[in-house]
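Listed below, chain by chain, are the residues.
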Amino acid sequence: MLIKSSARLDGSDIPASEITPRGVFERRRQLLLAAGASAAGLAFGRRAFAANEPADSAKLAATPNPKFQVTDKPTSLKDITSYNNFYEFGTDKGDPVQNAHSLQTRPWTVSVEGEVHNPKTYAIDDLLKLAPLEERTYRLRCVEGWSMVIPWTGFSLAEIIKRAQPTGNAKYVQFISLADPKQMPGLSSNILDWPYSEGLRMDEAMHPLTLLTVGLYGQVLPKQDGAPVRIIVPWKYGFKSAKSIVKIRFVEKEPPTSWNKYAPNEYGFYSNVNPQVDHPRWSQATERRIGDDGFFSPKRPTLMFNGYGDQVASLYQGMDLKKFY
Ligand code: MTE
């Protein structure tokens, strides 16, 4: 299609040879815009996007909470930050550390919504100030059979829930991760139904162990570990601990969750660490502690509720944990 008007603003006519087909003109314009944008991007580099982002190694002051410290030797910072599951950045354990630099953690908001009297959207830096930051060392047991020990920084999720004032209809809490294909190359694969989402029953979410997590090893949370904010539920398999969350939604019905949708017979809603209930394709009785147990050393026994039974077993009294896996 030709650009209709051939009249110049000064009133003279444009020779037919100078009239550009609209498609060509528009493609040229897009190329020019793209060139401009990437030139600007090059000029300002990633700094332009990351202007007020804390540096990866920025310190985060927190007070150790003696009530929440396991005595196992912590896993090294290197292992915690280079052996990850974060499918938004690729499916190999080494992909997140390679790719997560494209995640922009500022500006960032977390919206607290759904069945609450007091919905609110928190800017991440306000969220960090909501309650005193604590350091807590927890075991993390992945459903794949490996484990780590991680000194996290954060505060009980209950602090946010109390402020949100859930209505009587709030029976579950859903956690929704960011899903932005521009920042997350893994979204081009439809292996999971994005955004990554997880959920807890209200009493599980309110449990003091459930941590709104913003750091580890006294530093801001590295991007590959779920910056700027994730959930940690230490008595459940690691996939319940959603990374880089943007929504905390209170709902009446058990919410759909990513891994349950992917393979309902393999990943249940509860997913409590349980050495007596095997995954359909492998045993859950033992685990390999990353950094400590080599491939040829004997695996260590997995503990019921990942060793947190004293604190959480009462939540499941009377429930058949084989049925509610
Ligand atoms: N959260 C999001 N958004 N995307 C993911 O792929 N992987 C889960 C969980 N949270 C995942 C996620 C899985 S399977 C595990 S074991 C833990 O994050 C791993 O956390 P880590 O990499 O910090 O050890």
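I will try to describe carefully the structure that is included in this document.

Criteria and cut-off values
Residues numbered from 1 in each chain as written. Predicted model: local features only at pLDDT ≥ 70, side-chain atom pairs only at ≥ 80, totals over all residues. Heavy atoms only, no water. Core = buried A, V, L, I, M, F, W, Y, C linked by side-chain atoms within 4.5 Å. Buried < 20%, exposed > 50% of the residue type's maximum accessible area, 1.4 Å probe, protein only. Helix = DSSP H or I, 4+ residues; strand = E, 2+ residues; numbered from the N terminus. Contact = heavy atoms within 4.5 Å. Near = heavy atom within 4 Å. Polar contact = N/O pair within 3.5 Å; in protein donor to acceptor, adjacent residues only side chain to side chain. Areas by Shrake-Rupley, 256 points an atom, 1.4 Å probe, with all protein chains shown as cover. Nonpolar A, V, L, I, M, F, W, Y, C, P; charged D, E, K, R; others polar. Phe/Tyr/Trp six-rings, centres within 6.5 Å; stacked < 30°, edge-to-face > 60°. Lys NZ or Arg CZ within 6 Å of the ring centre and 35° of its normal.

**With respect to the nonpolar core**
Membership of the largest hydrophobic core comes to 81 residues, with the highest contact counts inside it found for Ile248 and Phe250. Broken down by element, this core gets its largest block of residues, 6 residues, from strand S5 (residues 146–156). Not counting residues up to four positions away in its chain, the partners in contact with Ile248 are Val110, Ser111, Val112, Glu113, Leu157, Ile160, Val173, Gln174, Phe175 and Leu212.

**A word on the site of the ligand**
Around the ligand sit 16 residues, and of these Tyr87, Glu88, Arg230, Ser241 and Lys243 come closest. At 3.0 Å, a side-chain N or O of Asp225 approaches an oxygen atom of the ligand. Considered on its own, the ligand offers 530 Å² of accessible surface; in the complex 98% of this is hidden by protein. Among the residues forming the shell around the ligand, the class breakdown is 7 nonpolar, 5 polar and 4 charged.

**Some remarks on the packing of aromatic side chains**
Counting across every chain of the model gives 12 aromatic pairs. Taking the centre distance of 5.2 Å and the plane angle of 85° together, the rings of Tyr83 and Trp146 count as edge-to-face. In this pair, Tyr83 sits in the loop between helix H2 (77–82) and helix H3 (95–99) while Trp146 sits in strand S5, placing the two residues 63 residues apart along the sequence. With relative accessibility at 7%, the residue Trp146 sits in the buried group. On the basis of an interplanar angle of 90° and a centroid distance of 6.2 Å, the ring pair of Tyr270 and Tyr316 is categorised as edge-to-face. Placement of the pair is Tyr270 in the loop between helix H7 (258–262) and strand S12 (286–289) and Tyr316 in the segment after helix H8 (309–312), with a sequence separation of 46 residues. Here Tyr270 and Tyr316 have matching classes, each one buried. Over the face of the ring belonging to Phe68 we find Arg136, whose NZ or CZ atom lies 3.9 Å from the ring centre. Over the aromatic face of Phe295 sits the side chain of Arg288, whose NZ or CZ is 4.0 Å from the ring centroid.

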